Number of protein chains: 2
Amino acid sequence: MVNVAVLGYGTVGSGIVEVIKENQDMVNQKAAAEIDVKYILDLRDFPGDKYEHLVVHDYEQILSDDSVDIICEAMGGVEPAYTFSKNALLKGKSVCTSNKELVAVHGPELLEIARQHNCSYLFEASVGGGIPIIRPINSSLTPEKIEAVTGILNGTTNYILTKMEKEGSDYEAVLKEAQEKGYAERNPEADIEGYDACRKIAILSSLAYGSTVNYEEVYTEGITKISTKDFKYMKELGATIKLLGMSKAEGGSCYAMVAPFVLFPSHPLYSVSDVFNGILVRGNMLGDTMYYGRGAGKLPTASAVVSDVIECARNIGRSVPCFWNPEKQALSDAADVKRRFFVRVSETDKAKIEDAFGSVEVIDAGLTDETGFITEVMCEKEYKEKAAQLTVVSMLRIEE
Amino acid sequence: MVNVAVLGYGTVGSGIVEVIKENQDMVNQKAAAEIDVKYILDLRDFPGDKYEHLVVHDYEQILSDDSVDIICEAMGGVEPAYTFSKNALLKGKSVCTSNKELVAVHGPELLEIARQHNCSYLFEASVGGGIPIIRPINSSLTPEKIEAVTGILNGTTNYILTKMEKEGSDYEAVLKEAQEKGYAERNPEADIEGYDACRKIAILSSLAYGSTVNYEEVYTEGITKISTKDFKYMKELGATIKLLGMSKAEGGSCYAMVAPFVLFPSHPLYSVSDVFNGILVRGNMLGDTMYYGRGAGKLPTASAVVSDVIECARNIGRSVPCFWNPEKQALSDAADVKRRFFVRVSETDKAKIEDAFGSVEVIDAGLTDETGFITEVMCEKEYKEKAAQLTVVSMLRIEE
C-alpha cells in the first residue's frame, strides 16, 4: 500500500483523486502497488463530496503520518506550497506537482533536497498539461545534446489567436468569450502577457540544457497587441500567429524568449490550434521531435500528476533522476538572433520603406492607410535601427 | 563502468557507437556511470575503421564476458537475433534493440525472461525510429486506459505519398526515385505492402492494451494501388492520403488494421509529411497526445537505442517495467467499424450510384470516365454489399 495526500482540492486536486479512483486498476498495476488517497488537505470543507471524509485542514497531520509516502501538491502559487513541499521532502516523502510558479522559482533547490532524502520531486504537469514532455526529456532524450526547445505552451492564448484567425474577431471580443467559457481567467494577465509561457520555457530550458534558466531574465511579450489587421496579412501570406516560448543553445551560449511569432505551414507547430499545446525539441543526433496534446484542463493535468505518483511509487527509497543543476545559465541577448520580421508601418510609399530596409516583400492585405512587409534576414538590433526611420504600427518576428 | 556490446555493425549498429562516442559526456552523466563499447559483433572485418579493434566474430566471447552488462542488438531479422538476445537475458545481460520483427514475434517471451533474470529487454527504436513512444506509453501514460493508437509508422511510404501529392508524380516513378535516394529498399515490399507498419502497430497495440496483438492477424493493405487520380480527388477535397496503422479498444473488444486512409486537415496526422512519423495515442483521461519526429535513419534510431542503454544502466540488477502480457488479445473484425468511404466507380450516372449508396457527395476532379464520391457513415460490410452493385475502381477509408 502506497498512501497519497492531495494538497488543494480545487480543479487539479479533485482531478487527481478522480483519475486515481476511476482508473484504480490501471494505476495499481503500473505502480506495482495499491495506491490509496489517504488525505485531502484544504481550508474548506466539502459537505456531500464523495471524499469528504478524507479532508483535513492541518498539514501537520499529513506530515507527521509516516504512512504517507507521496504528496500531490496542487495548491498553486509559491507559498505555502514551497514550505509544504520542502517539509515533505525533508521527511523523505516524494512530491508531485503541477505548480509551475513554484518549480520555476525553487525547482533546483527542491530537487536537491529530494536527492539528499532519497525521494523524488516530480513536475510533469507543470508544463504542457497532460502532454508527456518532462519525462521524455529526462528519460528518453538522454543521449542528446539538446539544441533548441520551441513551444506553444499556453492554451488560453492559443485559443484566442485561433479564434481571431478563424472568425476574424477582435482580440477583446474573443478574450471576453474565452472568459465566459472558462478558457481564460477573470484576471487573464498571466496568460495574455506571456508570464505563464515564460515560466514554462524557463523550466523546459533548465531541463534541456541542465543549468538554471531564470524566468525573470527571459524576454517576454504577450499577445495584447495582436489585431485583426495582423491576421489579414497572415491570410494573404498563408501564415499564422502563435505565442511561442523558445530557447536555443548554440556554441556555449543560450537565449530564451516568449513572444508572438509568424509561422508558415511548413513549421510543425503551425497546425497546433485551439487549447492544444505543442512542444518541439531539437537534439543533435535526433533532429526535431514534437509532443502535442491538451496543455491544460482538469483531467489531462491530473493524469500527468498521477503518472508522477506512479513513478514515485515504483521508486520508493530512491530519487528519480533529474538533470537540473542550480548553477545559473547565462543568457545571451536574443537581439543578436538573426531572422526575418513582419512589419506594418504608416508609410505607404514603398520607396521610403526601401530606403530604410532595402529589399522587402510587400504584402497586399487591402489596407490603404499602411504598408505591411517582410524584411530580409537580420538581427533585432539591425531591425531596430532601420525601423527607427519609419512609423512602425506593429512588428512580429518570423520563426522558420 | 558499464560495458556494452553492439551486435551488427551496419547502419544502426555503427550509429549506436557514434552516438555513444560523440555524446559520451551526456551519455555518462545521464547513466550516472561510464558507458563503454567493449565489443562489436559482426561477421565482417572493418579494416581502417576507428573501432576495428573492438570487432569480434564469435558471440560466445561476448556472452561469456561477465563484465558485459548490456547488449545492443542491431542485426535485424528473427534469427540469430532471437537466440542471441535470449541467451544474453538468461545470463542477466540487458538487451536493447531496434528489431521490430523480433519484438513483434517474441516480445512477450523475451520480456518474461528479462523479468526472471532481473535485467531488461527494451525496444524504443523498434517503432517510430527516434521518436520517444514506447517509453511514454510505459512510463508516462501509466494512469490512462488507452483507447486508440493511430500512427504514420513507415517513413518510406509517407515519403512516397507526400511526393505523389506534391508533384503529381506516378507511384512507380516516385518509388524509383526513393530507391535511388536510399529512402526505399531495393526490395521495397515490407514498406509498400504495409508489413513494416503492421509489425509496429502490433507492438504499440500490445503495449497500449497490455496483451499480445498478433501481427499476423492484423488486416494489412499497402499503398501500391494509390494513383495520381486519387490525389486529384484529394486536391478537390482539401484532403490527403496517409498509410495508417491503427487500433482501437472499445467496450472490451479491440481491432487493428493497416491501410491507406483519407485524412482531412483537422486530423493531427494530416501534416506529418515526407519521411517523418507521427503517432497519436488516446487515453480515457488525457484525450489525444501526439508524438512526432524522424521515424527512421541511422542517428535517430541509434539515439533511441542509446536511450535504452542509459535506462538499463540506471537500473542494473532490476528489470525496467513493461506491461505486455503473453496472453493473446482477441481482435474483432475491422469490418464492423463505422466510417465514411471515398469510392471511385466506372459508372458516370449519378442516379445509378445513388441507387446503390443512397445519398453521396460527388467530387468533381475533372475525370470524365469515372465518378468519385464520399459515402455516408456505414460499416465495411454494408459498404461491400452496396459496392457490389457498381464497378469499383478504388476505395479508400476516411479517418476523421
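Cut-offs applied
Residues numbered from 1 in each chain as written. Chains lettered and ligands numbered in written order. Predicted model: local features only at pLDDT ≥ 70, side-chain atom pairs only at ≥ 80, totals over all residues. Helix = DSSP H or I, 4+ residues; strand = E, 2+ residues; numbered from the N terminus. Rg over C-alpha atoms; globule rule 2.2 N^0.38 Å. Buried ≥ 20, exposed ≤ 12 C-beta atoms within 10 Å, placed from the backbone. Contact = placed C-beta atoms within 7 Å. Least-squares fit on C-alpha atoms with pLDDT ≥ 70 in both. pLDDT = per-residue confidence, 0-100. Arc of directions from axis to C-beta. Nonpolar A, V, L, I, M, F, W, Y, C, P; charged D, E, K, R; others polar. Pairing = 2+ DSSP bridges. Axes fitted to C-alpha atoms, helices over the stretch in contact; angles between N-to-C directions. Domains from an automatic or database assignment. Expected span 1.5 Å × (residues − 1).

As a further point, take the overall build of chain A. For chain A, the count of helices and strands is 14 helices and 20 strands. A compact globule built from 400 residues would reach a C-alpha radius of gyration of about 21 Å, and chain A, at 23 Å, matches this within 12%. Oriented by its inertia axes, the alpha-carbon framework of chain A measures out at about 75 × 45 × 30 Å. The buried share of chain A, reckoned over its 400 residues, is 52%. Within chain A, contacts between residues at least 6 apart in sequence are counted, and of these 74% link residues at least 24 apart.

Overlaying chain B with chain A gives an RMSD of 0.0 Å, the required rotation being 180° about an axis along which the chain moves by 0.0 Å. Taken together, the rotation and translation describe the operation of a two-fold axis. Looking at the rotation axis and the C-alpha trace of chain B, the residue lying nearest is Tyr291 of chain B, at 2.5 Å. Same-surface contact between copies: 100% of interface residues of chain B are shared with the interface of chain A.

Let's shift gears to the confidence of the model for chain A. Per-residue confidence for chain A averages 96 on the pLDDT scale, and 100% of its residues sit at or above 70. Confidence estimates for the predicted assembly give a pTM of 0.96 and an ipTM of 0.95.

To continue, consider helix H2 (residues 24-31) of chain B. Residues and elements named next belong to chain B. Among the residues of H2, those classed as buried are Met26, Val27, Lys30 and Ala31. Along the axis of H2, the buried residues cluster in a sector spanning 120°; they form a single face. In this structure, the buried residues of H2 make contact with strand E1 (2-7), helix H1 (11-22), strand E2 (35-41) and helix H12 (298-314). Following H2 by one or two positions, Ala32 adopts a phi angle in the positive range, close to 55°.

All right, on to the interface of chain B and chain A then. On the chain A side, the residues contacting the 42 residues of chain B number 42 residues. Partitioning the side of chain B that touches chain A into residue classes produces 21 nonpolar, 13 polar and 8 charged. Relative to strand E13 (residues 287-294) of chain B, strand E13 (residues 287-294) of chain A runs antiparallel, the two being bridged by 5 bridges. Across the sheet, residue Thr289 of chain A finds its bridge partner in E13 of chain B, namely Gly293 of chain B.

Quick look at the packing of helix H2 (residues 24-31) of chain A against helix H12 (residues 298-314) of chain A now. Residue and element names in this part refer to chain A. At a minimum axis distance of 8 Å, the contact between H2 and H12 shows a crossing angle of 35°. From H2, Val27, Lys30 and Ala31 reach across to H12, where they touch Val306, Ile310, Ala313 and Arg314. A class-by-class count of the residues in the contact of H2 with H12 yields 5 nonpolar, no polar and 2 charged.

What follows is about the domain arrangement of chain A. For an interface, size is often stated in terms of accessible area lost upon the parts coming together. When the domains of chain A are assigned, the result is domain 1 (2-129 + 298-326), domain 2 (136-295) and domain 3 (335-399). Placing a centre on the C-alpha atoms of domain 1 of chain A and another on those of domain 3 of chain A gives a separation of 49 Å.

Once that is clear, we can look at the sheet that holds strand E6 (residues 121-122) of chain B. Residue and element names in this part refer to chain B. Ordered by their spatial adjacency, 6 strands build an open sheet running E3-E2-E1-E4-E5-E6, and the pairing between neighbours is parallel. The open sheet terminates on both sides in strands that have one partner only, identified here as strand E3 (55-56) and E6. Here strand E5 (residues 94-97) runs beside E6; their pairing, made up of 2 bridges, is parallel. Note that in E6 the partner of Cys96 across the bridge is Leu122. Contacting E1, E2 and strand E4 (68-73), H1 crosses the sheet at an angle of about 160° to E2.

All names here are of chain B. In terms of burial, E13 is a largely internal element, 6 of the 8 residues being buried. Examined bridge by bridge, strand E12 (residues 276-283) and E13 share 8 bridges and lie antiparallel to one another. Note that in E13 the partner of Arg282 across the bridge is Asp288. In sequence, E12 turns back onto E13 through a hairpin of 3 residues.

Residues that lie three or four places apart on an α-helix share one face, since the helix turns once every 3.6 residues. Residue and element names in this part refer to chain A. With 13 residues, helix H7 (residues 155-167) ought to run about 18 Å at 1.5 Å a step, and its terminal C-alpha atoms sit 18 Å apart, in line with that. Listed as buried for H7 are Gly155, Thr156, Thr157, Asn158, Tyr159, Ile160, Leu161, Lys163, Met164 and Glu165. In the core, the buried residues of H7 are packed alongside strand E7 (146-152), helix H8 (171-181), helix H9 (189-192), helix H11 (228-237), strand E10 (240-250) and strand E12 (276-283). In the stretch just after H7, Gly168 is the one whose phi turns positive, near 65°.

This brings us to the environment of His117 of chain A. Residues and elements named next belong to chain A. Structurally, His117 is set in the loop between helix H5 (100-116) and strand E6 (121-122). Separated by 262 residues in sequence, His117 and Cys379 place their C-alpha atoms 47 Å apart. If we ignore the near neighbours within four places in the chain, the residues touching His117 are Leu89, Leu90 and Gly92.

Let's shift gears to unusual backbone geometry. Residue and element names in this part refer to chain A. Cis geometry marks the peptide bond from Glu79 to Pro80; its omega dihedral reads 5°. Residue placement: Pro80 occurs in the loop between strand E4 (68-73) and helix H4 (81-90). Unlike most non-glycine residues, Ala32 shows phi in positive territory, near 55°. By secondary structure assignment, the location of Ala32 is in the loop between H2 and strand E2 (35-41).

Attention now moves to the sheet that holds E6 of chain A. All names here are of chain A. Across the sheet, which stays open at both edges, the 6 strands sit in the order E3-E2-E1-E4-E5-E6 with parallel pairing between neighbours. The sheet is open, and its two edges are formed by strand E3 (55-56) and E6, each paired on a single side. One ladder, built from 6 bridges, connects strand E1 (residues 2-7) with E2; its direction is parallel. Bridging across to E2, Asn3 finds its partner in Asp36. Contacts from helix H1 (residues 11-22) reach E1, E2 and E4 within the one sheet, and its direction differs from that of E2 by about 160°.

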